[in-house]
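Residue strings, one per chain:
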Amino acid sequence: MKKEEKVAEFLREEGYNVSAEDILIGQFVPSFLQGLITIVPKYLFFAYNNKQFFVIGTNVWKGTPDRNKLRCYSLDEVDIKLNKTLLYGNLVLNFNDGKKEKYRIFKLNFASFASRNFKKALEHFNR
């Protein structure tokens, strides 16, 4: 089972309707390391449907979704920008209160739907 399928199954167990094609794999980018590659990556999963956006943290040792690290946002309270770069994408969450979070989204990832999902998300968030 691919990573995205595991995350979709995890979200269905939590009561959310999300398909594996709406899952992105990414990495948190601290503000002081914006241009650098992080040595110890913190992998995250991002999922979305028509009303909600999810940021799912992973268990460090297994890389599986962690129930305690699930954050859900309404698409009304967060503005999502996804920018394309050569090897990865930049995902920026702008909250209504002025807070901003930056993530690096993988376009290619071994044993994953990353490339196809990235293209679909790019179309969805940059209408």
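Shown above is the structure to which this text applies.
Residues numbered from 1 in each chain as written. Predicted model: local features only at pLDDT ≥ 70, side-chain atom pairs only at ≥ 80, totals over all residues. Heavy atoms only, no water.

## A few points about the overall build of the chain
Each helix and strand in the chain was counted, giving two helices and seven strands. Shown N-terminal to C-terminal, the secondary structure of the chain runs as helices and strands in the order α-β-β-β-β-β-β-β-α. By the burial criterion, 43% of the 127 residues in the chain qualify as buried. Once local pairs closer than 6 in sequence are excluded, the contacts in the chain between residues at least 24 apart make up 45%. Taken as a whole, the chain presents about 7800 Å² of accessible surface, with 53% of it coming from carbon and sulfur. (Helix = DSSP H or I, 4+ residues; strand = E, 2+ residues; numbered from the N terminus. Buried < 20%, exposed > 50% of the residue type's maximum accessible area, 1.4 Å probe, protein only. Contact = heavy atoms within 4.5 Å. Areas by Shrake-Rupley, 256 points an atom, 1.4 Å probe, with all protein chains shown as cover.)

## What about the packing of aromatic side chains?
According to the stated counting rule, one finds eight aromatic pairs in the structure shown. Pairing Tyr 73 with Phe 95 gives two aromatic rings, centres 5.0 Å apart and planes at 70°, and the pair type is edge-to-face. Taken as a pair, Tyr 73 in strand β4 (residues 65-74) and Phe 95 in strand β6 (residues 88-95) lie far apart in primary sequence, 22 residues in all. The class for Tyr 73 is buried, based on a relative accessible area of 11%. Positioned above the aromatic ring of Tyr 88, the side-chain terminus of Arg 104 is 4.6 Å from the ring centre. (Phe/Tyr/Trp six-rings, centres within 6.5 Å; stacked < 30°, edge-to-face > 60°. Lys NZ or Arg CZ within 6 Å of the ring centre and 35° of its normal.)

## Brief notes about the pairing of strand β3 (residues 52-58)
Two faces belong to every sheet, and in a regular strand the side chains alternate between them. Among the seven residues that make up β3, six are buried, leaving the element largely enclosed by the rest of the structure. Where strand β2 (residues 43-48) lies against β3, five bridges are found, and the strand directions are antiparallel. Bridge pairing in β3 places Phe 46 opposite Val 55. The turn linking β2 back onto β3 is made up of three residues. (Pairing = 2+ DSSP bridges.)

Purely spatial values, then, with no claim about function.
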